[in-house]
There are 2 protein chains.
Amino acid sequence: MKIIRTVHEMQETALSLLTDNKTIGFVPTMGFFHEGHLALMEQAKKDNDIVVSSIFVNPLQFGPSEDYEQYPRDEEKDIIHAEETGADVLFIPDTQDMYPRKMVITLDVTDRVNVMCGRSRPGHFQGVVTVLAKLFHIIQPTKTYFGRKDAQQVAVVDALIEDLNFPMELIALPTIREQDGLAKSSRNVNLRQEEREEAPWIYKALENGRQLVVDGEKNPDIVVKEVLDTINCYTSGKIDYVELLSYPDLQPVSVIEQQVILATAVYFEGARLIDNLLFDKNGEIAKRLK
Amino acid sequence: MKIIRTVHEMQETALSLLTDNKTIGFVPTMGFFHEGHLALMEQAKKDNDIVVSSIFVNPLQFGPSEDYEQYPRDEEKDIIHAEETGADVLFIPDTQDMYPRKMVITLDVTDRVNVMCGRSRPGHFQGVVTVLAKLFHIIQPTKTYFGRKDAQQVAVVDALIEDLNFPMELIALPTIREQDGLAKSSRNVNLRQEEREEAPWIYKALENGRQLVVDGEKNPDIVVKEVLDTINCYTSGKIDYVELLSYPDLQPVSVIEQQVILATAVYFEGARLIDNLLFDKNGEIAKRLK
């Protein structure tokens, strides 16, 4: 596995791979790899000639009071994991190289962000799509891989690729969970012990909500209330939101009669956790994004 | 020459050219070709295996009170000219195909637009960079060609490519002029006869200003006043602006001691005309953009 630390070398390497007609599968990450990241790399390995992953904790997508400094980092372990998983290139740029000056051109997200995490993290998705546009131009992937755990991010990247005609395919893979159901996340290490014990209730609460839909419930408010009540009853976390929206356009629905997302974010002392389920009008878990 | 009218076919064609390792020179235009456009295509032909030009009068870059409807169009003649000039592909998408829905993702320009045309055309450059990002992704050029007449556009595209790491090179070619000095522009046909006769004074005024710098003047205000006075004296046009700024970052200067642009926009009844000169601290015309 080749480790590349400059934008210039990465872009030259990608151009030379493209000249050789290699397909590139790209897994953008903020590092501190868990099985979710590695599953993306494994799938990219199956689908493409070359797998490129990037590690970049992007300051642009963190608000001033957010956990940019506390975001967990372990480059040494990440390198070992990526190599074991079969990545061909690991791109680890520094901030100065990615943002050498105040940007004149940025990307703006005008929809799909006034809900869910976009509401409590203003500017977050602008930062995400701006860094992704840069990474996509540097790496020029054939396919790019994201985890469904960040479902709103997937919806926004779907719009990014479609609206700006990026010549690539978005692949979104299912959330990887711990044995007890907790969605794997780099931030889980920052949970206190009792919080870690309560955290699986987030997934259970979403499953309770989905079960209502399986049983015939069509009213989103009743489903949302079930999730709220479960999380409030079994955890000490402070709920940021529980929302049920159409997917991937993330619009409110009055009756569940299409593909929807049931999503939540919960603040614990140690970390803010997110999770979601994507299902159809019968409560069946969605296989595709659209 | 191949004429392509859908985004899908253009993107597939470009991908297949890239698979064959062809270099692509791209000349984005709004059509109604004059020698300025054709000079860009000729240079693209010299530099690349394949020349792609596009014709798209982009509604996103016109304000509500601007001349989107009046912008001159002559597709039939354009096709003949492009073919004669040696273009290999002419891409003529329709608006519905370029903007099939309200965009979720747009581009924003946060600097280099609070001056010159950006001030009198709010939103114009956002529209320009958004459509260019789309076209760059559809056509994936190796090099892209612009005329220096639209100098602020060149400065903004320079920032677009640099800030977002587009894997391509920007080539900006000198303004092509009529015998009497008037900068060639598709909009010139909309001038009334007496306006057409006065219009060459715009270039003469800029040249008068530059001559002061050649003669040793370092004060931008005196240079700007010379241009204002000349245009006001010899034309019936209403001056939108005359500005002298650093280039390509378009910041005000108090003393002329670097590469600068001396630029103007003048409203006539029939059309708003722009022109500029790019020169160094000694008044010598610049050969390069930076």
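Definitions and cut-offs
- Residues numbered from 1 in each chain as written.
- Chains lettered and ligands numbered in written order.
- Predicted model: local features only at pLDDT ≥ 70, side-chain atom pairs only at ≥ 80, totals over all residues.
- Heavy atoms only, no water.
- Helix = DSSP H or I, 4+ residues; strand = E, 2+ residues; numbered from the N terminus.
- Rg over C-alpha atoms; globule rule 2.2 N^0.38 Å.
- Buried < 20%, exposed > 50% of the residue type's maximum accessible area, 1.4 Å probe, protein only.
- Contact = heavy atoms within 4.5 Å.
- Areas by Shrake-Rupley, 256 points an atom, 1.4 Å probe, with all protein chains shown as cover.
- Lys, Arg positive; Asp, Glu negative; His and termini not counted.
- Charge placed at Lys NZ, Arg CZ, Asp CG, Glu CD.
- Salt bridge = Lys/Arg side-chain N within 4 Å of Asp/Glu carboxyl O.
- Buried area = accessible area lost by both parts, 1.4 Å probe.
- Polar contact = N/O pair within 3.5 Å; in protein donor to acceptor, adjacent residues only side chain to side chain.
- Core = buried A, V, L, I, M, F, W, Y, C linked by side-chain atoms within 4.5 Å.
- Pairing = 2+ DSSP bridges.
- Phe/Tyr/Trp six-rings, centres within 6.5 Å; stacked < 30°, edge-to-face > 60°.
- Lys NZ or Arg CZ within 6 Å of the ring centre and 35° of its normal.
- pLDDT = per-residue confidence, 0-100.
- Axes fitted to C-alpha atoms, helices over the stretch in contact; angles between N-to-C directions.
- Parallel < 35°, antiparallel > 145°, perpendicular 65-115°, else oblique.
- Left-handed = near helix turned anticlockwise from the far one by under 90°.
- Nonpolar A, V, L, I, M, F, W, Y, C, P; charged D, E, K, R; others polar.

## Thoughts on the overall build of chain A
Here comes step 1: Scanning chain A from N- to C-terminus turns up 10 helices and 10 strands.
Here comes step 2: Its C-alpha radius of gyration of 19 Å places chain A within 12% of the 19 Å reference for a compact globule of 290 residues.
Here comes step 3: For the C-alpha atoms alone, the extent of chain A along its principal axes is close to 55 × 40 × 40 Å.
Here comes step 4: Within the span of chain A, comprising 290 residues, buried residues form 58% of the whole.
Here comes step 5: Looking at chain A alone, contacts between residues at least 24 apart form 71% of all its contacts between residues at least 6 apart.
Here comes step 6: Just so you have it, chain A exposes about 12,400 Å², and 48% of that area is on carbon and sulfur atoms.
Here comes step 7: A gap of 2 Å separates the mean positions of the 31 positive and 46 negative side-chain charges of chain A.

## Let's talk about the pattern of salt bridges
Here comes step 1: Summed over all chains, the structure comprises 34 salt bridges over all chains.
Here comes step 2: Across the salt bridge formed by Arg177 of chain A and Asp275 of chain A, the nearest N and O atoms sit 2.8 Å from each other. Of this pair, Arg177 of chain A sits in the loop between strand 7 (169-173) and helix 8 (193-198) while Asp275 of chain A sits in strand 10 (residues 272-279), and the two are 98 residues apart along the sequence.
Here comes step 3: Under the relative-accessibility criterion, Asp275 of chain A is labelled buried at 4%.
Here comes step 4: Measuring nitrogen to oxygen at the nearest pair gives 2.8 Å for the salt bridge that ties Glu243 of chain B to Arg119 of chain B. Here Glu243 of chain B is found in strand 8 (residues 238-246), whereas its partner Arg119 of chain B is found in helix 5 (residues 116-120), with 124 residues between them in sequence.
Here comes step 5: Take Glu243 of chain B: its relative accessible area is 10%, and that puts it in the buried class.
Here comes step 6: Each member of the salt-bridge network shares a partner with another, and the members are Glu35, Glu178 and Lys184 of chain A.

## Topic: the interface of chain B and chain A
Here comes step 1: Contacts between chain B and chain A engage 33 residues on the former and 33 residues on the latter.
Here comes step 2: Buried area between chain B and chain A, both sides added, is near 3,000 Å², and the carbon and sulfur share of it is 50%.
Here comes step 3: By the criterion of area lost to chain A, the three top residues of chain B are Val104, Ile105 and Asp163 of chain B, representing 23% of everything that side buries.
Here comes step 4: Between the two partners, chain B and chain A, sit 4 salt bridges.
Here comes step 5: For Arg101 of chain B, the salt bridge is made with Glu162 of chain A, and the minimal N-O distance between the two is 3.6 Å.
Here comes step 6: The tally of links from chain B across to chain A stands at 23 residue pairs in polar contact (both at pLDDT 80 or more).
Here comes step 7: Contributions of two or more residues to the side of chain B that touches chain A are made by helix 1 (7-19), strand 5 (105-109), helix 6 (124-139) and helix 7 (151-163) of chain B.
Here comes step 8: Looking at the side of chain B that touches chain A, the element that brings in the most residues is helix 6 of chain B, giving 6 residues.

## Focus on the nonpolar core
Here comes step 1: Judged by nonpolar contacts, the single largest core of 116 residues is most densely connected at Ile105 and Phe136 of chain A together with Ile105 and Phe136 of chain B.
Here comes step 2: Ignoring sequence-local partners within four residues, the contact set of Phe136 of chain B consists of Phe26, Pro141, Thr144, Phe146, Val157, Leu160, Ile161, Phe166 and Met168 of chain B.

## Description of the pairing of strand 9 (residues 260-267) of chain A
Residues and elements named next belong to chain A.
Here comes step 1: Burial analysis of strand 9 places 7 of its 8 residues in the buried class, which makes it a mostly covered element.
Here comes step 2: Across 8 bridges, the pairing between strand 8 (residues 238-246) and strand 9 is antiparallel. Note that in strand 9 the partner of Ile239 across the bridge is Val266.
Here comes step 3: Inspection of the sheet shows strand 9 paired to strand 10 by 8 bridges, in the antiparallel sense. Counterpart to Val260 in the pairing with strand 10 is Phe279.
Here comes step 4: The hairpin turn running from strand 9 into strand 10, its antiparallel successor, is 4 residues long.

## Focus: the packing of aromatic side chains
Here comes step 1: Taken as a whole and judged by the stated rule, the model has 12 aromatic pairs over all chains.
Here comes step 2: Arranged with centres 6.3 Å apart and planes meeting at 85°, the rings of Phe26 of chain A and Phe136 of chain A form a pair that is edge-to-face. Here Phe26 of chain A is found in strand 2 (residues 24-29), whereas its partner Phe136 of chain A is found in helix 6 (residues 124-139), with 110 residues between them in sequence.
Here comes step 3: An angle of 75° between the planes, with centres 6.0 Å apart, marks the rings of Phe62 of chain B and Tyr71 of chain B as edge-to-face. Each of the two residues, Phe62 of chain B as well as Tyr71 of chain B, counts as buried.
Here comes step 4: Members of the aromatic cluster, connected to one another through ring pairs, are Phe26, Phe136 and Phe166 of chain A.
Here comes step 5: Lying across the ring of Tyr68 of chain A, Arg73 of chain A places its NZ or CZ 5.1 Å from the centre.
Here comes step 6: The ring of Trp201 of chain A has Lys204 of chain A sitting right over it, with the charged end atom 4.6 Å from the ring centre.

## Re the confidence of the model for chain A
Here comes step 1: On average, residues of chain A carry a pLDDT of 96, and 100% of them reach 70 or more.
Here comes step 2: Reported confidences for the modelled complex are a pTM of 0.94 and an ipTM of 0.93.

## Notes on the packing of helix 6 of chain A against helix 7 (residues 151-163) of chain A
Residue and element names in this part refer to chain A.
Here comes step 1: One way to put it is that helix 6 packs onto helix 7 with a least axis distance of 11 Å and a crossing angle of 50°. Taken together, helix 6 and helix 7 sit at an angle that is classed as oblique. The two elements helix 6 and helix 7 cross, and the hand of that crossing is right-handed. Residue-level inspection shows Phe125, Val128, Val129, Leu132 and Phe136 of helix 6 in contact with helix 7, the latter providing Gln152, Gln153, Val156, Val157, Leu160 and Ile161.
Here comes step 2: Considered class by class, the residues forming the contact of helix 6 with helix 7 number 9 nonpolar, 2 polar and no charged.

## Considering the packing of helix 2 (residues 35-47) of chain A against helix 3 (residues 75-85) of chain A
Helix packing geometry: the angle between the two helix axes and the distance between the axes.
Residue and element names in this part refer to chain A.
Here comes step 1: At a closest axis distance of 9 Å, the pairing of helix 2 and helix 3 adopts a crossing angle of 35°. Note that helix 2 runs across helix 3; the crossing there is right-handed. On helix 3, the residues that touch Leu38, Met41 and Glu42 of helix 2 are His81, Ala82 and Thr85.
Here comes step 2: By residue class, the composition of the contact of helix 2 with helix 3 is 3 nonpolar, 2 polar and 1 charged.

## Brief notes about the sheet that holds strand 7 of chain A
Residues and elements named next belong to chain A.
Here comes step 1: On the basis of which strands lie adjacent, the open sheet formed by 6 strands has the order 1-4-3-2-6-7 and parallel pairing. Where the open sheet ends on each side, the last strands, each with one partner, are strand 1 (2-4) and strand 7. Geometrically, the sheet is characterised by an average inter-axis angle of 25° between neighbouring strands, direction not taken into account.
Here comes step 2: By the bridge criterion, 5 bridges tie strand 6 (residues 143-147) to strand 7 in an arrangement that is parallel. Opposite Thr144, over in strand 7, you have Leu170 as the bridge partner.
Here comes step 3: Here helix 2 sits on the sheet and contacts strand 2, strand 3 (50-55), strand 6 and strand 7; the angle it forms with strand 6, its principal contact strand, is near 155°.
Here comes step 4: Its contacts with the sheet put helix 6 on strand 2, strand 3, strand 4 (89-91) and strand 6, and the angle it makes with strand 2 is roughly 150°.

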